[in-house]
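# Analysis of the macromolecular model
One letter stands for each residue in the lines below.
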Amino acid sequence: MNDLSAYIPEMIETRRYLHRIPEIAWTEFLTSELVIKRVRELGFKTIIGKALFNEEYAYGREDDVIEKAQKRALSMGMDPKLLEEMQGYTGCMAIWETGRDGPVTAFRFDMDCIAVEENHDETNEAYVGGFDSTFPGLMHACGHDGHTAMGLAFARWIKDHADSLKGTIKLVFQPAEEGTKGASGIAESGLLDDVDYFIGGHVGMDPKLHELGIITKGFLSTTKINVGFTGKPAHAGAAGQEGRNALMAACSASMQIMGIARHGQGNTAVNIGTLHAGEGRNVVPVHAKMELEVRGANDEICKYMQERALKMIKGSAESYEVGCDIKIMGRATNVVSDPEMCDLIREVATAVPGINRVFDYDTITSSEDCSLLIQKVQSHGGKAVFFYYGCNHNGHHKSDFEIQDTESLPLGLAVFVGALKKTNGQ
């Protein structure tokens, strides 16, 4: 920890700056500008813009939202040349090549926020500390501001200790984790095809402050789906028979989907989060929009849930003689960390002063699209692991989420540094 003391003040300052300017999925232009400029100043090679993604798998991008965010970033002083270089895509891969033979090791740090209004009162540590969100309706309520700040501190440590390292280090600053939108395009870009070791981490969840949980296995495979139903308008009283009711098609599909038989070989979940429909009291509804997700213990079970849901959507549309447009908006898979990588993190974390408990963690039932990066690395024989370093929070995605950054982030940074010393130290 003494070795890291020089990096902690800037890491905390960066985290608190980012907490004040939270940016939702695919709009992290100010955050990306900070990341790109800093890693370039340190001497890292960078891959940004469309080169970072296979665009076919960059899920959930909404052009109007992205355009609005770009205009806001420019109004707040973003470098227009860098914005043009980014080609409408946020994120960055920073690459350090030591020039010495050794493995390729990648680390992932996500960047986006949540659509939550932050508590602006004494119940919230960010308000008390003077770094609460300045963007209405947006908040770093999952700790990704801390992840990004840690990644930049880690980059500076790599620069300063380059003479003691071998091989190649890739730092993946990933946009759009929320909704599992951003990782798939990076996973399918080819940029991880040479990675020997992959390490991902996250603040919070079940581990408390001064604890670390290693995901030996866990997370749910998931698919996020948007559906648009399009019917035919008519006067509801005078000519109801001429209309085709998109609202009723959506409601029918909703009721059927929530009743999908659960799979006998593993955990499943389904949720319809939003349903908006109709134009007026006396008009047969023409439009309906549904947002839903399915989850399963693995890809096979998730596929079962997805296929059942899509059959019900299409069947309801056919029954009510309306059109339906189905879009995949996000995707993630389950995680099985490699035992040798779990052992590596366990050994490193146990030796970090201030981490008082290290435990295996295999009961997590949320989803995390870092799983796709892990899956890609493992598909060609690479080894990977994911872990949580703890904090005493009030619940992820809540308006008073907090992470005790001066305590939690230094411990997480120590684990990342210790792991890199194991994989790429001379």
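The present account deals with the structure reproduced in this document. What you see is a predicted model, and the numbers here were worked out from it, not measured in a lab.

What counts, and at which threshold
Residues numbered from 1 in each chain as written. Predicted model: local features only at pLDDT ≥ 70, side-chain atom pairs only at ≥ 80, totals over all residues. Heavy atoms only, no water. Helix = DSSP H or I, 4+ residues; strand = E, 2+ residues; numbered from the N terminus. Rg over C-alpha atoms; globule rule 2.2 N^0.38 Å. Contact = heavy atoms within 4.5 Å. Areas by Shrake-Rupley, 256 points an atom, 1.4 Å probe, with all protein chains shown as cover. Pairing = 2+ DSSP bridges. Axes fitted to C-alpha atoms, helices over the stretch in contact; angles between N-to-C directions. Core = buried A, V, L, I, M, F, W, Y, C linked by side-chain atoms within 4.5 Å. Buried < 20%, exposed > 50% of the residue type's maximum accessible area, 1.4 Å probe, protein only. 1 Å grid on protein atoms, 1.4 Å probe; cavity = no way out; pocket = protein on both sides within 12 Å on 5 of 7 lines; lining within 4 Å. Points joined across faces, edges and corners; volume = space filled by probe spheres on them. Nonpolar A, V, L, I, M, F, W, Y, C, P; charged D, E, K, R; others polar. Lys, Arg positive; Asp, Glu negative; His and termini not counted. Salt bridge = Lys/Arg side-chain N within 4 Å of Asp/Glu carboxyl O. Polar contact = N/O pair within 3.5 Å; in protein donor to acceptor, adjacent residues only side chain to side chain.

## Notes on the overall build of the chain
Scanning the chain from terminus to terminus reveals 12 helices and 14 strands. A compact globule built from 426 residues should have a C-alpha radius of gyration of about 22 Å, and the chain, at 23 Å, falls within 12% of that. In the chain, of all internal contacts separated by at least 6 residues, the share reaching a separation of at least 24 is 84%. Counting only carbon and sulfur atoms, one obtains 47% of the accessible surface of the chain, whose full area is about 17200 Å².

## So, the sheet that holds strand β3 (residues 104-110)
The eight strands are arranged β1-β2-β4-β3-β5-β14-β6-β13 in an open sheet whose pairing can be described as mixed. Each end of this open sheet is capped by a strand with a single partner; those strands are β1 (45-47) and β13 (357-361). Between one strand axis and the next, the sheet turns by 20 degrees as a mean value, whatever way the strands run. As paired elements, β1 and strand β2 (residues 92-97) share three bridges and run antiparallel to each other. If you follow Lys45 over to β2, its bridge partner there is Ile95. Set on the sheet, helix α11 (residues 370-379) makes contact with β3, β4 (168-174), β5 (197-203) and β14 (383-389); between it and β14 the angle comes to about 155 degrees.

## What about the nonpolar core?
If you look at the biggest cluster of nonpolar residues, it comprises 111 residues, and the most contacted ones within it are Phe154, Ile158, Leu171, Phe173 and Ile345. The leading source of residues in this core is helix α12 (residues 405-424), at nine residues. Leave out the neighbours within four places in its chain, and Ile158 touches Phe44, Trp96, Leu165, Ile169, Leu171 and Leu420. Judged by nonpolar contacts, the second largest core, of 23 residues, contains Ala246, Ile272, Met305 and Leu310.

## Regarding empty space enclosed by the protein
Per the stated rule, a full pass over the model turns up one cavity of 30 Å³ or more. Glu10, Met11, Thr14, Arg38, Leu42, Ala149, Leu152, Ala153 and Arg156 together form the lining of the largest cavity. Of all the elements in the fold, those that place two or more residues in the lining of the largest cavity are α1 (8-20), α2 (29-42) and α6 (144-160). Per-element accounting of the lining of the largest cavity gives the leading share, four residues, to α6. Residues that form the lining of the largest cavity fall into these classes: five nonpolar, one polar and three charged.

## Describing the sheet that holds strand β8 (residues 221-230)
In space, the four strands of this open sheet follow the order β9-β10-β8-β11, with antiparallel pairing throughout. Looking at which strands have only one partner, the edges of the open sheet turn out to be β9 (268-277) and β11 (323-332). For this sheet, the mean angle separating the axes of adjacent strands, direction not counted, is 15 degrees. The pairing of β8 with β11 spans nine bridges and is antiparallel. What sits directly across from Thr223, in β11, is Arg331. Strand contacts of helix α8 (residues 246-257): β8, β9 and β10 (287-296), with the helix running at about 15 degrees to β10, the strand carrying the most contacts.

## As for the side chain of Glu118
Relative to the elements of secondary structure, Glu118 occurs in the loop between β3 and α5 (125-129). Among buried charged residues, Glu118 stands out as having no salt bridge; its nearest opposite-charge side chain is Arg15, 6.7 Å away. At 2.9 Å, the side chain of Glu118 and the side chain of His19 are in polar contact. Excluding anything up to four places from it in sequence, Glu118 contacts His19, Asn124, Ala126, Asp132, Ser133, Met139 and Ser399.

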